Amino acid sequence: MFKAVKVGGRGAAQVLVVGQFKGAKSAEGHAKDGAIGEVLSRTEATGDVGRIVEAFPAKGRGKSAGPSRIVVVGLGEKKSLNAETMRSVAAAVGRWIATTKDTKIDVDLAAACKAAGLDAQRAGCAFGEGLGLVAWTCDQFRGTASSKSTLTSLEVRSDSKPFAAGLERGVGLAESANIARTLSQTPPNIATTSYMASEAKKMARQVGLKCTVIQGSKLDDEGLVGIKTVGAASENKPCLVRLEYTPSARARSGKPVVLVGKTMTYDSGGLSLKVGGSMAGMKRDKDGGCAVFGAMHAIATVIKPNRKVVALLCIAENSVSDEAYRPDDVLTFRNGVTVEVTNTDAEGRLVMADALCWACEREDPACVIDVATLTGGVVVALGSTFAGMWCDDDKLRRKVEDASEVSGERVWRLPHHQEYRDMMKSPVADILNSNPNRKAHPIQGAAFLSYFVEEGVPWCHLDIAGVHATDKDSGPYIAGPTGWGTRLLAELLGGGA
Ligand code: BES
Ligand code: MN
Ligand code: ZN
């Protein structure tokens, strides 16, 4: 929608954005008379969230150039103004400005936020996120048979210092989430395993992260059997990418937060092939890794926490060939746990197991958070409204829930229990990768993963299969990838986890 969204910039804004609460006859912080008062007396000026009416200030009278357009945007009920509505409000403004083709907007919502008791910086951040997220377009795969619109950049500013500071943060976070979305959108013939690794290296170089790629015989040396096995059938070779952020100042704590992302560049199901319509869209089976990728970008560019953060991307393509792994194979993982493969379409947990073992054995983690499009079952359970969350560590869970509250990426807790772990027991090996019994399916996935996390390590598993993409335009999103998790993980590191 926009080439870029920038905060600040020179020159006068063509557009002034003000807010109207539901049913109000004036814009908060603005006089009742004049152009704004006039437009708000009209019946279409309802003040519903995102509803827009325009006022045009009288020209001339020798005044210096003011805005030529006033966008009055509905804020909904005063008592329910929050960050989420602010994101939708910003998205509505962004969509509107994309049609008016203005390039500089001045946002004057601080008085409205004050009236509603919403912190101006938080509101500014949400507004910046909304604008940045709605700006996302991915038309690089359109060819000569499409007409591509030329995109312009949008400059946004605010006279309120805290609101403007929030805008800066929000626009930055959205940029990171948009990186995740673009990766998600990139088709599997282009976003291959080596492409993901080289994009990680490129990003690391740009923002000052350390990047190591473990591939080929090194996967064997390190005992990363899940990644190696799942990726064996594809000519696109699997790898583990490790990204590291080290604070410039002396770190508050030596132990890193470790983020783990399932990065399946394509999930055909393998020999347990996906049938019917269930394969299409599986280019997005890398979205856990994309979210972690985006979060590392945000951590390096916006959050800059005073602690070490390590990201592990489990990158593979689940394909079919005579080298494919099979149902009945038995794998021995780094931590000695043996797994009987019963279904090659339950591949995500196999690659994640490697990284969870690695995190516990090699990184001495303060905590481990994994993000994965792990199960179709979580979509059945929670739809696209909440991600499934498994976390039995109260302190970590509170941090994840707090970050989720701030980012608006909702999580709902589901249980761990020994009975679920027992469902994963195998007659042949220690455990199997999929119990044909479909009971509590997403919980079985979490139970499987729990065999690879050392006792005592605070751990949170997020199953994002329902929330990583949306099938309709909503809030700041258009149909397609949401970048779910990038902002949550960034906020989590920003909140001093
Ligand atoms: N990548 C899928 C899960 C998925 C489903 C992601 C829908 C996004 C949308 C995962 O690897 C998978 O295939 N899961 C199977 C596991 C089953 C075969 C044990 C599932 O959930 O059906
Ligand atoms: Mn699968
Ligand atoms: Zn998968």
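Placed above this text is the structure.
Our subject in this report is the structure included herewith. What you see is a predicted model; the values in this text were computed from it and never measured.

What surrounds ligand 1 is a group of 18 residues, the closest being Lys274, Asp285, Asp345, Glu347 and Gly376. A distance of 2.9 Å is found between an oxygen atom of ligand 1 and a side-chain nitrogen or oxygen belonging to Asp267. The contact in question runs from a nitrogen atom of ligand 1 to an N or O atom on the backbone of Thr373, over 3.4 Å. Within the complex, the protein chains bury 86% of what would otherwise be the 520 Å² of accessible surface of ligand 1. Partitioned by chemical class, the residues of the shell around ligand 1 number four nonpolar, seven polar and seven charged.

This part is about the packing of helix α2 (residues 83–100) against helix α4 (residues 120–135). One way to put it is that α2 packs onto α4 with a least axis distance of 7 Å and a crossing angle of 45°. Considered as vectors, α2 and α4 are oriented oblique to each other. Read as a crossing pair, α2 and α4 show a hand that is right-handed. From α2, Ala83, Met86, Arg87, Val89, Ala90, Ala91, Val93, Gly94 and Arg95 reach across to α4, where they touch Arg122, Ala123, Ala126, Phe127, Glu129, Gly130, Leu131 and Val134. Of the residues that constitute the contact of α2 with α4, the class distribution is 11 nonpolar, two polar and four charged.

Within strand β2 (residues 15–21), seven of the seven residues are buried, which leaves the element mostly enclosed by the surrounding structure. Here seven bridges tie β2 to strand β4 (residues 69–76), and the two strands are oriented parallel to one another. If you follow Gln20 over to β4, its bridge partner there is Gly74.

To continue, consider the side chain of Thr100. Looking at the secondary structure, you find Thr100 in helix α2. Once you skip the residues sitting within four places of it in the chain, Thr100 turns out to touch Glu54 and Arg69.

Right, let's talk about empty space enclosed by the protein for a bit. Scanning all chains against the criterion turns up one cavity of 30 Å³ or more. What lines the largest cavity is Ala180, Ser184, Asp287, Cys290, Ala291, His468, Gly483 and Trp484. Of all the secondary structure elements, the ones that give two or more residues to the lining of the largest cavity are α5 (161–185) and α9 (287–303). Ranked by residues supplied to the lining of the largest cavity, first place goes to α9 with three residues.

Attention now moves to unusual backbone geometry. A positive phi angle, near 45°, is found at Asp364, a position not held by glycine. In the Ramachandran plot, Ala440 falls in the positive-phi region, its phi being about 50° despite a non-glycine side chain. Relative to the elements of secondary structure, Ala440 occurs in the loop between β16 (431–432) and α14 (441–450). A residue is classified by how much of its surface remains accessible, and Ala440, at 29% relative accessible area, is partly exposed.

Moving on, we come to the nonpolar core. Of all hydrophobic cores here, the largest spans 52 residues; its most connected members are Val241, Leu259, Met296, Ile369 and Leu462. Here the element with the most residues in this core is α9; it accounts for nine residues. Each residue touching Met296, except ones within four places of it in the same chain, is listed here: Met203, Leu209, Leu243, Glu244, Tyr245, Leu259, Val309 and Ala311. Counting residues in hydrophobic clusters, the runner-up holds 44 residues, among them Ile214, Leu224, Ala353 and Trp358.

In an ideal octahedron of six donors the angles at the metal are 90 or 180 degrees, and in an ideal tetrahedron of four donors they are 109.5 degrees. The protein atoms donating to the manganese ion (ligand 2) are Asp267 (OD), Asp345 (O), Asp345 (OD) and Glu347 (OE), with metal-donor distances spanning 2.1 to 2.2 Å. Each of the six donor atoms bound to the manganese ion (ligand 2) contributes to angles spanning 72 to 168°, and the resulting shape is irregular. Coordination of the manganese ion (ligand 2) draws on donor residues from a single chain, spaced D-x77-D-x1-E in sequence. The distance between the manganese ion (ligand 2) and the zinc ion (ligand 3) comes to 3.2 Å, with Asp267 serving as a donor to both metals.

Attention now goes to the side chain of Ser404. Inspection of the secondary structure assignment puts Ser404 in helix α12 (residues 394–407). Discounting chain neighbours no more than four positions away, the residues touching Ser404 are Glu409, Arg410, Val411 and Leu488.

Further remarks concern the packing of α4 against α5. At a minimum axis distance of 6 Å, the contact between α4 and α5 shows a crossing angle of 35°. As for the relative orientation of α4 and α5, their crossing is right-handed in sense. Along the lines of polarity and charge, the residues of the contact of α4 with α5 split into 13 nonpolar, seven polar and three charged.

Attention now goes to the coordination of the zinc ion (ligand 3). For the zinc ion (ligand 3), the full set of protein donor atoms is Lys262 (NZ), Asp267 (OD), Asp285 (OD) and Glu347 (OE), at a range of 2.0 to 2.4 Å. In this structure, the zinc ion (ligand 3) is coordinated by six donor atoms arranged in octahedral fashion, with angles at the metal of 77 to 173°.

Parameters and conventions
Residues numbered from 1 in each chain as written. Chains lettered and ligands numbered in written order. Predicted model: local features only at pLDDT ≥ 70, side-chain atom pairs only at ≥ 80, totals over all residues. Heavy atoms only, no water. Near = heavy atom within 4 Å. Polar contact = N/O pair within 3.5 Å; in protein donor to acceptor, adjacent residues only side chain to side chain. Areas by Shrake-Rupley, 256 points an atom, 1.4 Å probe, with all protein chains shown as cover. Nonpolar A, V, L, I, M, F, W, Y, C, P; charged D, E, K, R; others polar. Axes fitted to C-alpha atoms, helices over the stretch in contact; angles between N-to-C directions. Helix = DSSP H or I, 4+ residues; strand = E, 2+ residues; numbered from the N terminus. Parallel < 35°, antiparallel > 145°, perpendicular 65-115°, else oblique. Left-handed = near helix turned anticlockwise from the far one by under 90°. Contact = heavy atoms within 4.5 Å. Buried < 20%, exposed > 50% of the residue type's maximum accessible area, 1.4 Å probe, protein only. Pairing = 2+ DSSP bridges. 1 Å grid on protein atoms, 1.4 Å probe; cavity = no way out; pocket = protein on both sides within 12 Å on 5 of 7 lines; lining within 4 Å. Points joined across faces, edges and corners; volume = space filled by probe spheres on them. Core = buried A, V, L, I, M, F, W, Y, C linked by side-chain atoms within 4.5 Å. Donors = N, O, S within 2.8 Å, 3.2 Å for Na, K, Ca; no water. Tetrahedral: all angles 85-135°; square planar, octahedral: opposite > 155°, others 65-115°.

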